[in-house]
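Coordinate analysis (summary)
If you want the building blocks of each chain, they are given just below.
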Amino acid sequence: MAYADGSNHPQLAVSTQGLVKAYGGFKAVDGLNLRVPAGGVYGLLGPNGAGKSTTMKLLLGLTKPTAGSMWLLGQQVGKKTTIQPGRVGSMIEGPSFYPGLSGLDNCRMVADYLGLPVSAASEVLTKVGLRGYEKRKASAYSLGMKQRLGIAMALISQPELLLLDEPTNGLDAEAVVEVRRMIMDLAASEGVTVIISSHILSEIEKMAPVVGIIADGHLLYQGTLENLREEGHINLRVSDPGLASEMLEAQGIHPEYIRKSATLCIPEIPDPQIGALVTQLVSHGLQVYRVASERKSLEEAFLELMENPQNHISQNYVLQNHVAQSGMKPSGLKRRSTR
Ligand SMILES: Nc1ncnc2c1ncn2[C@@H]1O[C@H](COP(=O)(O)OP(=O)(O)OP(=O)(O)O)[C@@H](O)[C@H]1O
């Protein structure tokens, strides 16, 4: 069943509506409306203590929500209904295995529990690049190998959805690249939806085109990282910013005056319009010193979001299609520059 708000839309592998997890009076997760597109990698990004692990535990049924609804792979999950074992794989708060057993025996144990053939164990170890190390005790694995083993155990049932909490945590640069490549391959070649959490923007940026950014249990932004950066703006330095401001306002362009650099900041407009504007300013006796297009770096946009979350909207790009089809009006504020 598809819901009016798109919560169980077929394009979504995971969605939540008003998801809350409270510990006493403290809300670790506070009203999350996640929209995770099916297929591909979705990044759950946020600082330490933001609520990333708690969100993953809620999705996996490892902890009970205080309020809200969740849908995974087209099925509503909750207190009474859980998803069929094996459809979702996970690695939460680091890999978990028996250190005294070999990698192979650890995987065999999971295969046995899930009723899978034992051959699944060696196949999955090959997939994660542990071939040749199957018989070594897991306690003797390097950190990167342990991480791979954790991912192998999550993958053994060939899940449609994979939840990985900080999968590259503690790995050296080479292992980070390898694990990252493996995750992206899984999504690209096997159509698995992967949700990865991280507090490192550059890490998420390399893997996940779509992100949910959370802080203090709130979803501050959801959509593509590309759209998190504003479209850009134009900085205008003129001899009389006051007069220029009035002229711009008269044309419906609302400039922002940046005192420090004595510039007027206006939204990006097409070249012919900026050309006409400069001509007009000059014809009114103003000198135009500088016209410069600028775009924030992703890091600047992210930091700004953390500092001024109220200036951004949570952007549900999958939902927008659905909304367009259903004739609903998408709610949202206009994004403003914050200076
Ligand atoms: N069982 C619990 N009891 C009380 N508070 C908890 C519990 N589990 C988590 N919290 C609190 O909820 C908040 C979110 O924790 P969570 O582990 O989800 O954050 P996170 O984003 O995964 O952080 P990190 O990146 O540091 O792992 C934190 O303030 C944490 O202390």
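Residues numbered from 1 in each chain as written. Predicted model: local features only at pLDDT ≥ 70, side-chain atom pairs only at ≥ 80, totals over all residues. Heavy atoms only, no water.

1. Focus on the overall build of the protein
The criterion, for reference: Numbering of helices and strands runs from the N terminus; a helix is a DSSP stretch of H or I covering at least four residues, while a strand is a stretch of E covering at least two. A 1.4 Å probe rolled over the protein chains alone gives each residue an accessible area, and that area as a share of the maximum for its type sets the label: buried under 20%, exposed over 50%, partly exposed in between. The contact criterion used is simple: two residues touch if any of their non-hydrogen atoms lie within 4.5 Å. Under the convention used here, a 1.4 Å probe and the Shrake-Rupley method define accessible areas, while residue burial counts only the protein chains that appear.
The helix and strand tally for the protein stands at 11 helices and 15 strands. Buried positions account for 47% of the 339 residues belonging to the protein. The long-range fraction of contacts in the protein, counting pairs at least 24 apart against all pairs at least 6 apart in sequence, stands at 68%. Carbon and sulfur atoms make up 51% of the accessible area of the protein, which totals about 16900 Å².

2. Remarks on the sheet that holds strand E14 (residues 263-267)
Which entries qualify depends on this criterion: Pairing between two strands is assigned when DSSP locates at least 2 bridges connecting them. Helix axes are fitted only over the stretch in contact, all axes being lines through C-alpha atoms; the angle between N-to-C directions runs from 0 to 180 degrees.
Read across the sheet, 4 strands follow the order E13-E14-E12-E15 without closing on themselves; strand pairing throughout is antiparallel. Two strands in the sheet have a free side with no partner beyond their single neighbour: strand E13 (256-258) and strand E15 (288-294). In this sheet, neighbouring strand axes are inclined to one another by 25° on average, regardless of whether the strands run parallel or antiparallel. Bridging between strand E12 (residues 233-238) and E15 involves 6 bridges; their strand directions are antiparallel. Residue pairing for E15: Arg237 is matched across the bridge by Arg290. Contacting E12, E13 and E14, helix H8 (residues 241-250) crosses the sheet at an angle of about 15° to E14. Where helix H9 (residues 271-283) meets the sheet, its contacts fall on E12, E14 and E15, and the angle it forms with E15 comes to roughly 160°.

3. Describing the site of the ligand
Going by this rule: Neighbouring residues are identified by heavy atoms, a residue being near a molecule or strand if any of them is within 4 Å of it. For this analysis, a polar contact is any N or O atom pair within 3.5 Å, provided that within protein one partner can donate a hydrogen and the other can accept it, and provided that sequence-adjacent residues contribute only side-chain to side-chain pairs. Throughout, the ten residues Ala, Val, Leu, Ile, Met, Phe, Trp, Tyr, Cys and Pro are labelled nonpolar, Asp, Glu, Lys and Arg are labelled charged, and all others, Gly among them, are labelled polar.
Residues in close proximity to the ligand include Tyr23, Phe26, Ala28, Pro47, Asn48, Gly49, Ala50, Gly51, Lys52, Ser53, Thr54 and Glu166, which together make up its full environment. Between the ligand and Gly51 there is a distance of 2.9 Å, counted from an oxygen atom to a backbone nitrogen or oxygen. Between the ligand and the protein, one listed contact pairs an oxygen atom with a side-chain N or O atom of Glu166 at 3.3 Å. Taking 640 Å² as the accessible area of the ligand by itself, protein coverage stands at 60%. Elements with a contribution of two residues or more to the shell around the ligand: strand E2 (26-32) and helix H1 (52-60). Top contributing element to the shell around the ligand by residue count: H1, with 3 residues. For the shell around the ligand, the class distribution of residues is 5 nonpolar, 5 polar and 2 charged.

4. With respect to the nonpolar core
Going by this rule: Joining through side-chain atoms within 4.5 Å is the link that ties buried Ala, Val, Leu, Ile, Met, Phe, Trp, Tyr and Cys residues into a set, and such a set is a nonpolar core.
By size, the foremost hydrophobic cluster in this structure holds 51 residues, and its most contacted members are Cys107 and Val194. If sequence neighbours within four positions are ignored, Val194 has contacts with Gly40, Val41, Tyr42, Leu162, Leu164, Ile183 and Ala187. Counting 26 residues, the second largest nonpolar core, distinct from the first, contains Met70, Leu73, Ile83 and Val210.

5. Here's the deal with helix H4 (residues 143-155)
Counted only if it meets this: Residue count minus one, scaled by 1.5 Å, sets the expected span of a helix.
Taking 1.5 Å per residue as the helical rise, H4 with its 13 residues ought to reach 18 Å, and the 18 Å between its terminal C-alpha atoms agrees with that figure. Within H4, 11 of the 13 residues are buried, which leaves it mostly tucked inside the rest of the structure. Residues of H4 that are buried: Gly144, Met145, Gln147, Arg148, Leu149, Gly150, Ile151, Ala152, Met153, Ala154 and Leu155. On its buried face, H4 is in contact with strand E7 (88-91), helix H2 (103-113), helix H3 (119-127), strand E8 (161-165) and helix H5 (173-190).

6. Examining the pattern of salt bridges
Just so we agree on the cut-off: Each salt bridge in this description consists of a side-chain nitrogen of Lys or Arg and a carboxyl oxygen of Asp or Glu lying within 4 Å of one another.
Under the defined criterion, the tally for this structure stands at 8 salt bridges. Across the pair Lys52 and Glu166 runs a salt bridge, and its minimum N-O distance is 4.0 Å. On the criterion of sequence distance, the pair formed by Lys52 in helix H1 and Glu166 in the loop between E8 and H5 is long-range, its members being 114 residues apart. We note that Lys52, like Glu166, is buried. Residues Arg180 and Glu203 are paired through a salt bridge, measuring 3.4 Å at the closest nitrogen-oxygen approach. Placement of the pair is Arg180 in helix H5 and Glu203 in helix H6 (residues 201-207), with a sequence separation of 23 residues. We classify Glu203 as buried; its relative accessible area is 9%.

7. Let's talk about the packing of H2 against H3
Where we set the bar: Each angle is binned into one of four classes, with values under 35 degrees roughly parallel, values over 145 roughly antiparallel, values of 65 to 115 roughly perpendicular, and all other values oblique. In this scheme the handedness of a crossing depends on how the near helix is turned from the far one: anticlockwise by less than a right angle means left-handed, clockwise means right-handed.
One can describe the packing of H2 onto H3 by two numbers: an axis separation of 8 Å at closest approach and a directional angle of 125°. By the angle class used here, H2 and H3 are oblique. For the element pair H2 and H3, the recorded crossing hand is right-handed. Contacts from Gly103, Leu104, Cys107 and Arg108 in H2 reach Ala121, Ser122, Val124 and Leu125 in H3.

8. A few points about the confidence of the model for the protein
Selection rule: Per-residue confidence from the predictor is given as pLDDT, running between 0 and 100.
Summing up the model confidence of the protein, the mean pLDDT is 84 and the portion of residues at 70 or higher is 88%. Mean pLDDT values for the elements of the protein range from 38 in helix H11 (residues 317-326) up to 95 in E2. Within the model, pLDDT remains below 50 along residues 313-339, and this stretch shows 55 contacts once partners closer than five positions in the same chain are excluded.

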